[in-house]
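# What the coordinates show
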Amino acid sequence: MMDLPCVQWQDHVAQKWIGLDPELKEKLTAQLEIDELFKCALTLTTQEDLDLVKSISSGYSVQKDAELAAKCRERGNSSFKTRDYTAAALHYSQGICFAHQGSEQLSLCYANRSAALYHLQHCQESLNDIDKALKNDYPSHLLHKLEDRRTQCLKHLSVGQKAKEDQPNPPSHNRKAPDRVEGASAGLLKFGICPQTAVGFSSEKGRHLVAAETIAAGEVILHDRPYSCVLIPGMEEVKGKGGRQDAERGVLFGLEHRRCHRCLTETLCPVPCDGCSYSRYCSTSCQLDAWEEHHCWECPLGADLKMMGVMSQLALRVTLKAGLKGIQMARDPIRDEHTESEPSGPKGESIDSSPRHSNQTNPCTSYYGDSYPSVFHLRHHLNRHSPDLRFQCAVTIATLFLKLSKAGPPPASSDLGRHLWADSQSPDKEEGIADWSSNLWLLGSAVLRHVLQLRCNAQAILMLQDTGAANSPVQSSREIRIATAIFPTLSLLNHSCCPNTSLVFSTGTSLSADFSESVTEYRSTARGVTVTIRASKVITPGQEILHCYGPHSSRMETQERQRLLQEQYYFLCQCEACTLQQEEGSEGRQQWSGVGLLCGKCKGSLKKSSEDGGKGLICLQSSCAHRVSLSEVSHRLQEIKVDLEKAVDLMERERPDEALRLLRSTQSQPGLILAETHPVQGELADATARAYATMGDWSNAASHLERSAVAIGSQYGEDSIELGRQLFKLAQLHFNGGARGPALSVIPKVRQLLCLHGGPLCHELQELQAMEDCLQG
């Protein structure tokens, strides 16, 4: 995932660490001041390091390339001929990004993309590409093609506009006008923390969020924007709807090919960076904003940043956005901040939470909202990171710093230049250059600080990705990580393996307001990423507001969760789920407790045996008492999962009948029997339902999906978003099969769960309302 630097660079720095003089290594190990650690790393960074970066980064080239542009256009032409217009548009977009400004290749790629967009009925976007092709000297002998396409686009737009004018305004479902929005849960996005909460502080938890008043389930607790974020490069999107895979050539498009590199909005017609072939944006506005904020410095270092990893790039973006003045102002209140007081749990570990914020003189009044100080004062845990990890981060940032310093100060006329220079002397003068050089180390030290912070404070941005076939009548999706960000306000929330909140990310433009404003005073924000935290259950006054950092009690056993949290976040989790399961001991919700497994002989329930060292399961039926080893159970479960993967692959290759035969065979095998509540049984039932749905057998599909919902409810809870999504698919199956009664009976439960976790404006609710209207009409 490229969070960390590439393996070759990690190995190089590891060898550098091993070869250090023992006294110097001891000095670095004992160093607890970030400024001094950074300065020491600078003295140890050599030309050999810079040369290696140059060598490695050559494999991550982001330069314009006319030959690659032509190849992309050829691939686009192949997809166009097979009428895969989405794949064609993506290939042409790649060609546009590789092509040099003003070149004929660029004009040809724009012209061809306009044709693909026209066939996808994106007529306005097609017209935009026609204009761009003409501005880049499109060949005169082909101009008639563009003019014909322009005429067709204008005709379609005109017909569409007339149809809109002739159509009466339909009644609105789910959406309220902004001036009639009531309360926090009505859909209007208010940035900040809701009035029912307060920022608390303790030496154990650092700054954290607590309920000052009762917070109802589904109510918005906070709405936040990232201070900065970075798209994950090389993340392959799953096959399925949208033509993300060119089947003929086996080309799988990554996230970076169809998402804006600033606001993460999906787009088929990105605006390329003029200087590199990698960065692309959903609009000229995002392109210019990114350039002024960070990309004018990132652009020439694009290959270096890709090999140094997402965390280094995100840390750099945070620093560039803050500027020298912002860094200096944030540093002023910090005196001896490197001597962070340790949480007062056993061995210095926190009790039931992960403190993210450094201790302040008056911490309860030190909440800075989405400003830079709120990021700067997050705990960096320098004294908790291993010496070799500290060294790797320090040398990586020192090397990046040297690359930046050689580039010189940015022009003072640019927004970034003005921001970085702030009140310093003008960089146009000689003394200004000297001032720049003397203060530049502050930038490097801040980048190192943020890299260390991000290990505990980085937030994965997750979005639902459609995994179904383009013509699939039933929704099929999974969560994928599309970016890494740092959210100032979200960072206030501590961890629980059974959180009392749910989290939803969004991109694009939305109505918003500040929590301090009247709900009638709304405004439209610029495009960007946002996160909304809602209460997933009633939260009483004084109760801490918690969310999950990843390890969740419904997906992972206690010991594994605690190990992962200790390794990454440096605390021993003692949340409600961990404490309860420890008290229950081996009979809790552990992986091999036997829950959900049935005896292969009598179909009685299996339980973990107290004999033979707890390495087996025994049937609870005294007349049977059949025993089975854990290794046998593990082997059988693995076989089932392999068959599941094969079945899913068969369905993706449009062979549902073969998939169904394999799934039936898998479930009829002797030996281990899965109860209806077992997670793997839920997966088998879900895959079987998908196969039946693909074949148009809605009744059998719904029957198996109901069985899957039982397992989902048992694993995640009856009020979980996972169950809501599964029941949403069930509603679709009933609707497609004309089962009016069953569909209408499940829709209220689906609406309740989706609204609880996603709010009243989530897009699935609109489809649900349309189904209900049709069934009741």
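Preceding this section is the structure that the text describes.
Here the focus is the nonpolar core. Residues Trp9, Leu28, Tyr372, Phe391 and Leu448 are the most contacted members of the largest nonpolar core, which totals 71 residues. By residue number, the principal contributor to this core is helix α13 (residues 310–331), which donates 11 residues. What Leu448 contacts, discounting residues up to four positions off in sequence, is Ile34, Leu37, Phe38, Cys393, Ala394 and Ile397. Membership of the second largest hydrophobic core comes to 49 residues, among which are Ala689, Ala693, Ala731 and Val750.

Another point: the side chain of Gln715. By the element assignment, Gln715 lies in helix α23 (residues 698–716). Looking at Gln715, its side chain comes within polar contact range of the main-chain oxygen of Ser554, at 3.0 Å.

With that settled, the discussion passes to the environment of Pro742. Looking at the element boundaries, Pro742 is found in helix α25 (residues 740–758). Taking the relative accessible area as the measure of exposure, Pro742 reaches 36% and is therefore partly exposed. Sequence spacing of Pro742 and Leu730 is 12 residues, and the spatial spacing of their C-alpha atoms is 9.3 Å.

With that settled, consider the packing of helix α22 (residues 679–694) against α23. One way to put it is that α22 packs onto α23 with a least axis distance of 7 Å and a crossing angle of 160°. Comparing their axes, α23 and α22 come out roughly antiparallel. The way α22 lies across α23 gives a crossing that is left-handed. Counted together, Pro679, Gln681, Gly682, Ala685, Asp686, Thr688, Ala689, Tyr692 and Ala693 of α22 and Trp698, Asn700, Ala701, His704, Leu705, Arg707, Ser708, Ala711 and Gln715 of α23 form the full contact between these two elements.

Let us look at helix α5 (residues 66–81). Taking 1.5 Å of rise per residue, 16 residues should cover 22 Å, and α5 covers 23 Å from first to last C-alpha, within 8% of that figure. If you check which residues of α5 are buried, you get Ala69, Ala70, Cys72, Arg73, Gly76, Ser78 and Ser79. Of the residues flanking the end of α5, it is Arg83, one or two places downstream, whose phi is positive at about 65°.

Moving on to the environment of Asp719. Within the secondary structure, Asp719 is located in the loop between α23 and α24 (721–736). We classify Asp719 as partly exposed; its relative accessible area is 39%. For the pair Asp719 and His757, spaced 38 residues apart in sequence, the C-alpha to C-alpha distance is 9.3 Å. Setting aside residues up to four positions removed in sequence, Asp719 forms contacts with Ser536, Leu753, Leu756 and His757.

On to the sheet that holds strand β21 (residues 627–629). Read across the sheet, three strands follow the order β19-β20-β21 without closing on themselves; strand pairing throughout is antiparallel. Both edges of this open sheet fall to β19 (606–608) and β21, since each of them pairs with a single strand only. Neighbour-to-neighbour, the strand axes of the sheet open up by a mean angle of 30°, direction not taken into account. Bridge count between strand β20 (residues 616–619) and β21: three bridges; the pairing is antiparallel. Within β21, the residue paired with Leu617 across the bridge is Val628.

Under the criterion given, the structure shown has zero disulfides. Cysteine Cys548 remains unbridged, with the sulfur of Cys497 as its closest cysteine sulfur at 6.1 Å.

This part takes up the pattern of salt bridges. Counting across every chain of the model gives 21 salt bridges. Residue Arg113 pairs with Asp129 through a salt bridge whose shortest N-O separation is 2.6 Å. With Arg113 in helix α7 (residues 104–119) and Asp129 in helix α8 (residues 123–135), this pair connects stretches of sequence that are 16 residues apart. Neither residue differs from the other here; Arg113 and Asp129 are each classed as buried. The salt bridge partner of Arg636 is Glu639, with a shortest N-O separation of 3.4 Å. With Arg636 and Glu639 both in helix α20 (residues 630–652) and three residues apart, this pair spans about one turn of that helix.

This part is about the pairing of strand β2 (residues 197–202). Here β2 runs beside strand β3 (residues 206–211); their pairing, made up of six bridges, is antiparallel. Paired with Phe201 across the bridge in β3 is Arg207. The hairpin formed by β2 and β3 contains three residues between the paired strands.

All right, on to the pairing of β20 then. Neither face of β20 is open: one carries Gly616 and Ile618, the other Leu617 and Cys619, and all of them are buried. As defined by bridge partners, β19 adjoins β20 across three bridges and the pair is classed as antiparallel. Within β20, the position partnered with Lys607 by the bridge is Ile618.

Each value, and the rule that gives it
- Residues numbered from 1 in each chain as written.
- Predicted model: local features only at pLDDT ≥ 70, side-chain atom pairs only at ≥ 80, totals over all residues.
- Heavy atoms only, no water.
- Core = buried A, V, L, I, M, F, W, Y, C linked by side-chain atoms within 4.5 Å.
- Buried < 20%, exposed > 50% of the residue type's maximum accessible area, 1.4 Å probe, protein only.
- Helix = DSSP H or I, 4+ residues; strand = E, 2+ residues; numbered from the N terminus.
- Contact = heavy atoms within 4.5 Å.
- Polar contact = N/O pair within 3.5 Å; in protein donor to acceptor, adjacent residues only side chain to side chain.
- Axes fitted to C-alpha atoms, helices over the stretch in contact; angles between N-to-C directions.
- Parallel < 35°, antiparallel > 145°, perpendicular 65-115°, else oblique.
- Left-handed = near helix turned anticlockwise from the far one by under 90°.
- Expected span 1.5 Å × (residues − 1).
- Pairing = 2+ DSSP bridges.
- Disulfide = S-S within 2.5 Å.
- Salt bridge = Lys/Arg side-chain N within 4 Å of Asp/Glu carboxyl O.

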